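# Residue-level structural notes
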Amino acid sequence: MSLKILATGDLHLGKKSSSVPENAEEGSTKFTWNRIVDWSIKSGIDILVLTGDIVDQDNRYFEAIGSLQSGFEKLKKADIAVYMVAGNHDYNVLPQIAGNGKCNNVHLLGSNGEWEVKIFSKKGEQVQFVGWSFPKQFETNDPLLNFNGKLLDHNIPAIGLLHGDVDIPESKYAPLDSGRFLNKPIDAWILGHIHKPQVLRESGPPVWYPGSPHSLSSKEPGVHGPILLTIENKDDIKISKIPLSPVRYEKISIDITNSSEEEGLRDTVTSGLLNDANTKIDELEGVAFLIYDISLEGEHSNIKDLERWALPIVDAYDQEIETETRLTVRKVLVNAKPKLENIENLAKLSTPAGVLAKTILAIRNEDSNEFLYKLVKSWKLNYRKIITSGTYQALNSTGRFDDKTELEVKQYILHECNHLLGELLGQKTL
Ligand SMILES: [Mn+2]
C-alpha cells in the first residue's frame, strides 16, 4: 500500500489565459480546477495538496470561491482530503473558506503565520504535512528561520508546504534561503509562487515548484500540470508530472531565407508550425489550445514586404490537428536580416544605412562601439521611465515588469536596426 498525493499551486482561480478566444471555457483556470478534481477522483488520489495563490483575489472573486467550494465538496464525497497553505494572493480568502465549516476534509496549515503540523491517516498509512501560510500580502522575512522540527513525529513521512521566492533575498514574497530546506526532518518540500515548473533539488530532500497547472500567458511556455507524489515510506517518495493544462504556449523559430514570395512564406510558416506540433503530439492529449510566438529568421531581400506578409498570420492562422488541439499564433516577430551582398562594405559608409549596418555588425559580433553604447544607455533610461511612470504603477506593483538584461536590450535594438535598414534599402537610398 502507498499513499498518493496530487500537488499543485498558483492556479489563480478567476483568471483567464491570454490569447485564447473569449468564449472558450478551456481558457479559464476554473476549467483546470474542475479537471484536477475529476482527475483526482478518477485516479484514486488520497490527498490533494495546494501550495497557495489558488484564488486570484483581484479577479472574479465570487465565481472563483464558488467553484473552489464545489470542488472541495466533490473531493469530500470521494474521500479525498485537502491540505493547503495560503500565498500572497489568497492570504485572506483561504482561511475564510477553510474555516467556514462546510468541508471538514479541507485543512489550511499555519494560517496565523506560524508553522503548523497535521497528520493524515488512512487504513493504517500515515503522512504528516507541515506548512506556513501568508498572514498578510507581503512577507519580507524568511519563514524557514522560525521552522520548528520538534512539531514533527520522526517516524511518519513529512511533507513541507510553503509559498515564497527561493534565493531572492530582497523579495517581498517570503524570501526563502534554499540552504534552509536542508537538515530538517522533512522528506519532500512542495512550494508555491513560481509559475514555471521547477525541480530545485532531486533528492535529499526533493524540493519542487509544481508551477501553475494552467498556463496563463506566453511567459509560461511548455508543459504545465500538477505533480504526483507516491509515498511508500519516508525514504521512498516518487514524484512525477501530470500534464493537465488545456492551454500551452510555445516559442518557435522559422527560417524564411528561401521564401521570397508571400505564398512561399505562408507555406513555410504553416509547415513549420505543423511540424513542431507533430513533434509534441504525444503531449497534446487534452490540450485545447497551442499558442505560438513565431520568430522569422534567416535573410530576406525585402524586410518591409516580409513584415507586411507576416502581419495577417496572427489573426488568420487557426489549424486543428488530430488531438483536437487548435494551433494559433499570438505574435510574429520579424528577426530576419536584410539580405546584403556585403554588409561589411555598407558599414564603411557614413550614411544612415551605413550606421545601421555598423550597429547590426557590432551586435552580431558582440563588439561594442560608442554609438551602440549610447543606444543601450538611452534604451534603458527610457524603459525605466516607462516602468516607473504613474500610468503603469498598478502593473509594476504586481511584478509584471522585469528588468532587461544587456543581451535582451541589444536584441530589441538589433530588431529595430534590421527593420530600419530593410526600410531604407527598400527606398534604395543607400
Ligand atoms: Mn505568490
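Residues numbered from 1 in each chain as written. Predicted model: local features only at pLDDT ≥ 70, side-chain atom pairs only at ≥ 80, totals over all residues.

## Description of the sheet that holds strand 13 (residues 227–233)
Within the open sheet, the 6 strands sit side by side as 4-3-2-1-13-14. Their pairing is mixed. Only two strands of the sheet have a single neighbouring strand rather than two, namely strand 4 (106–108) and strand 14 (236–241). With strand direction ignored, the average angle separating the axes of adjacent strands in the sheet is 20°. (Pairing = 2+ DSSP bridges. Helix = DSSP H or I, 4+ residues; strand = E, 2+ residues; numbered from the N terminus. Axes fitted to C-alpha atoms, helices over the stretch in contact; angles between N-to-C directions.)

## Examining the nonpolar core
Ranked by internal contacts, the top residues of the largest apolar core, which has 61 residues, are Ile47, Val49, Leu161 and Ile190. Dropping the residues within four chain positions of it, Ile190 is found in contact with Ala7, Val49, Thr51, Ile159, Leu161, Trp208 and Pro210. Ranked by size, the runner-up nonpolar core spans 28 residues in total, among them Tyr249, Leu273, Phe289 and Ala310. (Core = buried A, V, L, I, M, F, W, Y, C linked by C-beta atoms within 7 Å. Buried ≥ 20, exposed ≤ 12 C-beta atoms within 10 Å, placed from the backbone. Contact = placed C-beta atoms within 7 Å.)

## Regarding the pairing of strand 3 (residues 81–84)
Sheet analysis places strand 2 (residues 47–50) next to strand 3, joined by 4 bridges and oriented parallel. Bridged to Leu48 within strand 3 is Val82. As paired strands, strand 3 and strand 4 are joined by 3 bridges and run parallel to one another. Its bridge partner being in strand 4, Val82 is matched across the sheet by Val106.

## Points about unusual backbone geometry
Cis geometry marks the peptide bond from Gly204 to Pro205, where omega comes out at -10°. The residue Pro205 is located in the loop between strand 11 (198–201) and strand 12 (207–209) in this model. The residue Asp53 is not glycine, and still its phi comes out positive at about 55°. Mapped onto the elements of the fold, Asp53 is located in the loop between strand 2 and helix 2 (61–77). Note on Asp53: 26 C-beta atoms within 10 Å, which makes it buried.

## Section: the pairing of strand 11
Judged from the 3 bridges that link them, strand 11 and strand 12 form a sheet pairing that is antiparallel. From the neighbouring strand, Val199 faces strand 12, where its bridge partner is Trp208. Connecting the antiparallel pair strand 11 and strand 12 is a turn made up of 5 residues, with Gly204 showing a positive phi of about 70°.

## Points about helix 2
With 17 residues, helix 2 should cover 24 Å at 1.5 Å per step; its first-to-last C-alpha distance of 25 Å lies within 8% of that length. Turning to helix 2, its buried residues are Ala64, Leu68, Gly71 and Leu75. For helix 2, the arc enclosing every buried residue in end-on projection is 65°, short of the 170-degree limit, so these residues lie on one face. Those residues of helix 2 that are exposed and angled more than 90 degrees off the buried face are Phe62 and Lys77. Close packing links the buried residues of helix 2 with helix 1 (29–42), strand 2, strand 3 and helix 3 (93–98). (Expected span 1.5 Å × (residues − 1). Arc of directions from axis to C-beta.)

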